[in-house]
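Per-entry structural report
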Amino acid sequence: MTSQKKTKRNRSTLPSLAPILIEETRLLFHHEQATEDPRDGLTLFGPLEPGKPYGIRYGVVGTADGIDYLRKWLARAQLPIGNPDETARPSYPGFEAAFGIPWKPPAQHEVRIDGDELHRRINYSDRHHRVYKSVELYEEAILNVHRSEDATVDLWFVVIPDEVYRNCRPQSSVDSESRVDSTGGLTKLDVKEAAKGQSHLFASDLSTELARAYDFEVNFHNQLKAKLLEHQVVSQIVKESTIAFRDVLAPNGKPLRDLSRVEQDIAWHLATAAFYKAGGRPWKISGMRPGVCYLGLVFKHVDQAAEPNMACCAAQMFLNSGDGVVFKGHNGPWYTGRRGEFHIDRKAAADLVLQAIAAFRAKDPAGTPPKELFIHAKTKFNDEEWSGFVDAAGSNTNVVAVQIREEYDLKLYRPGKHPVLRGTAIPIDDHLGYLWTRGLVPRLRTYIGRETPNPLSIKICRGAAEVTTVLSDVLGLTKLNYNACRFGDGEPVTLKFADAVGEILTAGPVFEGRVPPLPFKHYV
C-alpha cells in the first residue's frame, strides 16, 4: 500500500471536528422573565420568588473591627455600587432593589471575639493546635447563642482577620518572632503520641486537647464548616479585607488588597449568597426538561485513616429548580491508589441513588421519581457501580453516567484577538464531546479570563442520551451557583464544589452516621 493510500484511509477514519454552538442557557426570574445574565434578571425583574424570605435574619461573629466592617459594608450594600455604563462588570443596584426584600443592620446577634486572644491562638507553634483553638473561639461564640437564644437567625456571618486566613491553612507557617509555644510542658514524645491519638486514653488535659486537634484537618474554613454542620448552622465566612479593603492596610499604609475594581462583584456575590442561604431562590434554569435530576459524585481520600485506600463518598443532587442536597455515603476502600480514581461498591452506589430518588420524590408535588437521572463524576464508572445505580433507580428512571474532566491538550482558536465563544462544542461521536464553558461572552463583550480557554471533555460512559443534550445540560449547570452571582462558571455545579464538599465531610470525626441529608447551602 502506498503512503498516499494510507493517508487517504487515515483521513477517512478521522471523526468530524466541525464545531457547533450550544445556545446560551437563560435563567428565569420573577414574572416568568428570562435573561442570560443573573445580574440582569435580578436588576430588571427581581428574584424568582419575590417576598420569600421576608428580610434576612443574620448574626455576626468577629473581632470588634470585623463587626464594624460588616456594619459599614451592609450600609453600603443598600446603595448602588459600580458604573452603570460598564458592560463587563454589571453594576449592583442595591440589595432591596435587586432582591425586593429588606436587609438592614443591626444584626439579630453580634458576638465579639477577643482580638488579642485570637491573635495569640493563630500564632501557636503547632499547626493542628493553632487551627483547632482558633476555630473553637468562633464555634463556641456561635453555638452559645444558637443553644440559648429563642430568636434564631438564617445565617451567621463569620468575619475573620486576614491573618486567620494566612496562618490557618494546610501549608501555613508562623514566623519565629510571632510564634507562641502552645505545648509548653509537653515533651516531644507527648506531642508525638497526641498526634497518634494515644493521649485520648491517658495523659494531661493539654495533651488530650492536642490529640483532639490532630483529629481535624488543618484548615480553618473546612473545620469550622464541619463543626457547624452537625448543628445545622448556616454560615458565610468572609475576610475583613474583602468587605473593608480601604480600611485593612498593609505595613506600608496601602490597602492590603486593592479590590476597588471588583467592588460591585463582591456586593453581587455576598448579597446573592445571603439571599440564598436565608431561604430564597434567586433564579432557576429556564426551559429545563421536567423530571430531570443531576447527581454529582464526591470522593475524598481520608488521609488520617489507618487503611491507605480509605475514602469518603458523597453525592450532590441538583434539580432544575436550583434546589441542592448533599448526601453522605459510607466510608470505604474506594481509593484505587491511582491519583483521582475512586470506585464504590454496588451497595454504596445503590444507597446514594436511593437517597437521591427519595429526596426528589419528597420535592415533587406528585411524589414521582425522576424520569432522567444524570450522574456526573470526574472519574470513570465501573460495572459494579453501574449495577448499583441501575438496581436502585428501577425501570421508571433513565440513568446516564457522565464523566466530566477539564481537557488541557485541546485548544481551539479563531481569527482575531478574542477566544472562541462560550458554548462552542465539538461532538466527536455519540458518546463524547468537548464543550467550552469559558470563552467570549457577547453579553459582556469580553472573556473573563487570561489564558486561552480549555474545554471540558464530556463522555457518556453508561446509559443512553443524546450527546448534544448532555452538553447543553452541562452548560446550564454552570449557572446554578448561588454562592456567587456571575454569568457562568467553568464547571457545572454538580462538580464545582465536589472537592470542597469532600474536604468538609472529612475535616474531622463529627460525621460518623449522624448528619442527615442537608441542603447544599450548609457546605458553601
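No experiment lies behind these values; they were computed from the predicted model shown.

Parameters and conventions
- Residues numbered from 1 in each chain as written.
- Predicted model: local features only at pLDDT ≥ 70, side-chain atom pairs only at ≥ 80, totals over all residues.
- Heavy atoms only, no water.
- Helix = DSSP H or I, 4+ residues; strand = E, 2+ residues; numbered from the N terminus.
- Rg over C-alpha atoms; globule rule 2.2 N^0.38 Å.
- Contact = heavy atoms within 4.5 Å.
- Areas by Shrake-Rupley, 256 points an atom, 1.4 Å probe, with all protein chains shown as cover.
- Lys, Arg positive; Asp, Glu negative; His and termini not counted.
- Charge placed at Lys NZ, Arg CZ, Asp CG, Glu CD.
- Buried < 20%, exposed > 50% of the residue type's maximum accessible area, 1.4 Å probe, protein only.
- Salt bridge = Lys/Arg side-chain N within 4 Å of Asp/Glu carboxyl O.
- Pairing = 2+ DSSP bridges.
- Axes fitted to C-alpha atoms, helices over the stretch in contact; angles between N-to-C directions.
- Patch = residues over 30% accessible without salt bridge, like charges linked within 9 Å, V, L, I, M, F, W, Y side chains within 5 Å.
- Left-handed = near helix turned anticlockwise from the far one by under 90°.
- Polar contact = N/O pair within 3.5 Å; in protein donor to acceptor, adjacent residues only side chain to side chain.
- pLDDT = per-residue confidence, 0-100.
- Phe/Tyr/Trp six-rings, centres within 6.5 Å; stacked < 30°, edge-to-face > 60°.

Assigned secondary structure in the chain consists of 17 helices and 17 strands. Radius of gyration (C-alpha) of the chain: 25 Å, near the 24 Å computed for a compact globule of 524 residues. Across the chain, the fraction of contacts at a sequence separation of at least 24, relative to all contacts at a separation of at least 6, is 70%. Carbon together with sulfur atoms contributes 48% to the accessible area of the chain, which is approximately 24,400 Å² in total. Averaging the positions of the 66 positive and the 65 negative side-chain charges in the chain gives two centres separated by 6 Å.

This next bit is on the environment of Asp 126. Position of Asp 126 among the secondary structure elements: in the loop between helix H5 (115-121) and helix H6 (127-148). Look at Asp 126 and you get buried, because its relative accessible area is 10%. Apart from residues lying up to four places away in sequence, Asp 126 is in contact with Ser 182, Thr 183, Val 191, Leu 210 and Tyr 214.

Take the pattern of salt bridges next. Note that side chains of opposite charge can pair when their charged atoms are close. This model, assessed by the stated rule, comprises 26 salt bridges. The closest approach of N and O atoms between Arg 57 and Asp 154, which form a salt bridge, is 3.0 Å. In this pair, Arg 57 is assigned in the loop between helix H2 (38-44) and strand E4 (58-62) and Asp 154 in the loop between H6 and strand E6 (155-160), connecting sequence segments 97 residues apart. A relative accessible area of 14% places Asp 154 in the buried class. With a shortest N-O distance of 2.7 Å, Arg 121 and Glu 117 are connected by a salt bridge. Separated by four residues within a single helix, Arg 121 and Glu 117 lie in helix H5, roughly one turn from each other. The burial state of Arg 121 is the same as that of Glu 117; both residues are buried.

Attention now goes to the sheet that holds E4. Pairing is parallel across the open sheet formed by four strands, whose spatial order is E5-E4-E6-E7. Two strands in the sheet have a free side with no partner beyond their single neighbour: strand E5 (109-112) and strand E7 (235-239). Each neighbouring strand pair of the sheet contributes to a mean axis angle of 15°, computed without reference to strand direction. Pairing of E6 with E7 involves five bridges; the strand directions are parallel. When the bridges of E7 are listed, Ile 160 appears paired with Lys 239. Contacts between helix H3 (residues 64-77) and the sheet are confined to E4, E5 and E6, with E4 contributing the most and set at about 140° to the helix.

Right, let's talk about the pairing of strand E14 (residues 424-427) for a bit. Looking at chain direction, strand E1 (residues 20-21) and E14 are connected through two bridges and run antiparallel. Pairing of Ile 20 across the sheet is with Ala 425, part of E14. With three bridges connecting them, E14 and strand E15 (residues 432-435) associate as antiparallel partners. Paired with Ile 426 across the strands is Tyr 434, a residue of E15. Counted between consecutive antiparallel strands, the loop separating E14 from E15 contains four residues.

With that out of the way, let us pick up the side chain of Lys 300. As for its placement among the helices and strands, Lys 300 is situated in strand E9 (residues 292-301). Once residues lying within four places of it in the same chain are set aside, the contact partners of Lys 300 are Ala 311, Cys 312, Phe 342, Gly 502, Glu 503 and Thr 506.

A large share of helix H15 (residues 467-477) lies buried, amounting to eight of its eleven residues. Residues of H15 that are buried: Val 467, Val 470, Leu 471, Asp 473, Val 474, Leu 475, Gly 476 and Leu 477.

The strand order across the open sheet built from ten strands is E1-E14-E15-E16-E13-E12-E9-E10-E11-E17, with neighbouring strands paired in mixed fashion. Strand pairing shows two members of the sheet lacking a second neighbour, E1 and strand E17 (518-519), which therefore form its edges. Taken together, the nine bridges between E9 and strand E10 (residues 311-319) define a ladder with antiparallel strand orientation. Bridge pairing links Cys 293 to Leu 319 in E10. Set on the sheet, helix H17 (residues 498-505) makes contact with E9, E10 and strand E11 (324-328); between it and E9 the angle comes to about 55°.

On the surface, Arg 338, Lys 380, Arg 405 and Lys 459 cluster together to form a positively charged patch. Here Lys 459 lies in strand E16 (residues 456-462). According to the relative accessible area criterion, Lys 459 is partly exposed, its value standing at 39%.

The next thing to look at is the environment of Glu 139. By secondary structure assignment, the location of Glu 139 is in helix H6. The sequence separation of Glu 139 and Val 158 amounts to 19 residues, and the corresponding C-alpha distance is 9.7 Å.

Packing of helix H13 (residues 346-363) against helix H14 (residues 383-393) brings their axes to within 7 Å, and their N-to-C directions diverge by 35°. For the element pair H13 and H14, the recorded crossing hand is right-handed. Here H13 contributes Arg 346, Ala 349, Ala 350, Val 353, Leu 354 and Ile 357 to the contact with H14, which in turn contributes Glu 384, Glu 385, Ser 387, Gly 388, Phe 389, Asp 391, Ala 392 and Ala 393.

Attention shifts here to the side chain of Thr 397. Residue position: Thr 397 is located in the loop between H14 and strand E13 (398-406). In terms of polar contacts, Thr 397 uses its side chain to reach the backbone carbonyl oxygen of Pro 370, at 2.6 Å. Excluding residues within four positions of it along the chain, Thr 397 makes contact with Ile 357, Pro 369, Pro 370, Lys 371, Glu 372 and Leu 373.

Mean pLDDT over the chain stands at 89; residues scoring 70 or higher make up 93%. Counting contacts from residues 1-12, a segment whose pLDDT is below 50, to residues more than four positions away or on other chains yields two contacts.

What follows concerns the packing of aromatic side chains. Per the counting criterion, the structure on display carries 19 aromatic pairs. Each ring, one from Phe 95 and one from Trp 103, has its centre 5.0 Å from the other, and the planes form 70°; the classification is edge-to-face. The class of Phe 95 is buried, set by a relative accessible area of 0%. On the numbers, 5.7 Å between centres and 25° between planes, the contact of Tyr 294 with Phe 374 is stacked.

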